[in-house]
Amino acid sequence: MAGSQDMFDAIVMADERFHGEGYQEGYEEGSSLGLIEGRQHGTFHGAKIGSEIGCYQGFAFAWRCLLHSCATEKDSKKMKVLESLIGMIQKFPFDDPTYDKLHEDLDRIRGKFKQLCSLLNVQPDFKISAEGSGLSF
């Protein structure tokens, strides 16, 4: 009877051991896949934000050249808002993904961009898609 009891205990313990090993293997594989998926997600969204900011920056630089070449006194407010937008873009922390106010700063840049477009009487259509992004008029 003692031999059969030991065999029964071995079977019960094997089930618990296999359950523990399976859990550990699943946890390790899930952690690995989670890192890969998280990296892909971060890369995708970082690229979208970078593309958006780059588009705003190109827009601002182009308009700065246009306004400098034919600046009038009534363009001073436009230039002030334009320089403010460029300053905000230049201070944006591109290389710090842990920056806690990243989205707040991005929203401020978007707001300043909309304000500038209103002053310039321009209706941009900024689109971000899987194929790429673009700014059209």
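Residues numbered from 1 in each chain as written. Predicted model: local features only at pLDDT ≥ 70, side-chain atom pairs only at ≥ 80, totals over all residues. Heavy atoms only, no water.

1. Here we look at the overall build of the chain
Going by this rule: Comment: elements are numbered from the N terminus, with helices defined as DSSP H or I runs of at least four residues and strands as E runs of at least two. Burial classes follow relative accessibility: with a 1.4 Å probe on protein chains only, a residue under 20% of its type's maximum area counts as buried, one over 50% as exposed, and anything between as partly exposed. What makes two residues a contact is simply this: any of their non-hydrogen atoms within 4.5 Å. Calculation of accessible area relied on Shrake-Rupley with a 1.4 Å probe; when residues are assessed, cover is drawn exclusively from the protein chains displayed.
On a plain count of helices and strands, the chain comes out with three helices and two strands. If you list the helices and strands of the chain from N to C, you get α-α-α-β-β. Looking at the chain as a whole, 21% of its 137 residues are labelled buried. Partitioning the intrachain contacts of the chain with sequence separation of at least 6 by distance along the chain shows that 56% fall at a separation of at least 24. For the chain, the accessible area works out to roughly 10,000 Å², and carbon and sulfur atoms hold 57% of it.

2. Quick notes on the UniProt feature "domain: Essential protein Yae1 N-terminal" (unreviewed entry) in the chain
Stated precisely, the cut-off is as follows: UniProt positions are given in the numbering used here, feature names are shortened, and annotations may be inferred rather than shown by experiment.
As recorded in UniProt, the feature "domain: Essential protein Yae1 N-terminal" (unreviewed entry) lies at residues 22-60. Span residues 22-60 is 100% helix and 0% strand, its end C-alpha atoms 56 Å apart.

3. Considerations on the packing of helix H2 (residues 76-91) against helix H3 (residues 102-120)
As a reminder of what qualifies: For every element, the axis is a line fit to its C-alpha atoms; helices are fit only across the contacting stretch, and the angle between N-to-C directions ranges from 0 to 180 degrees. Any angle from 65 to 115 degrees is called roughly perpendicular, while one under 35 is roughly parallel, one over 145 is roughly antiparallel, and all others are oblique. Two helices that cross are described as forming a left-handed crossing if the nearer one is turned anticlockwise from the farther one by less than a right angle, and a right-handed crossing if clockwise.
At a minimum axis separation of 10 Å, H2 and H3 run at an interaxial angle of 155°. With respect to H3, the axis of H2 lies roughly antiparallel. In the crossing of H2 with H3, the sense of the turn from one axis to the other is left-handed. Contact with H2, carried on its side by Lys77, Lys78, Val81, Leu82, Ser84, Leu85, Met88 and Ile89, involves Arg108, Ile109, Lys112, Phe113, Gln115, Leu116, Leu119 and Leu120 of H3 and no other residues of that element.

4. Side note on H2
Rules: For a helix, the expected span equals 1.5 Å multiplied by the residue count minus one. Relevant arc is that of directions from the helix axis to the C-beta atoms, nothing else.
An ideal rise of 1.5 Å per residue puts 22 Å on 16 residues; H2 measures up with 22 Å between its terminal C-alpha atoms. If you check which residues of H2 are buried, you get Lys78, Met79, Val81, Leu82, Leu85, Ile86 and Ile89. Projection of H2 onto a plane perpendicular to its axis shows the buried side chains occupying an angular sector of 165°, all on one side. Opposite the packed face of H2, turned more than 90 degrees from it, sit the exposed residues Lys77, Lys80 and Lys91.

5. Let's talk about the layout of surface pockets
Gaps left between atoms show up when a probe the size of a water molecule is rolled over them. Keep this limit in mind: Lining residues are defined by having an atom within 4 Å of a point belonging to a cavity or pocket. Those points lie on a 1 Å grid over the protein atoms alone, cavities being sets where a 1.4 Å probe fits but cannot get out and pockets being open sets with protein on both sides within 12 Å along at least five of seven lines. Grid points are joined across faces, edges and corners, and a volume is the space filled by probe spheres set on the points.
Estimates place the volume of the largest pocket at around 270 Å³. Along its surface, the largest pocket is lined by 13 residues, and Gly46, Ile49, Phe94, Pro97 and Leu102 are the ones closest to its centre. For the lining of the largest pocket, the elements supplying multiple residues, two or more each, are helix H1 (2-69) and H3. If you tally residues by element for the lining of the largest pocket, the top one is H1, at five residues.

6. Notes on the nonpolar core
Cut-off, in case you're wondering: Nine residue types can take part in a nonpolar core, namely buried Ala, Val, Leu, Ile, Met, Phe, Trp, Tyr and Cys, and a core is a set of them joined through side-chain atoms within 4.5 Å.
Counting residues in hydrophobic clusters, the biggest one holds 21 residues, and the most contacted among them are Ile53, Phe59, Leu82, Leu85, Phe92, Ile109 and Leu116. Broken down by secondary-structure element, the contributors of at least two residues to this core are H1, H2 and H3. Setting aside chain neighbours within four positions, we find isoleucine 53 in contact with Ile89, Phe92, Phe94, Leu106 and Ile109.

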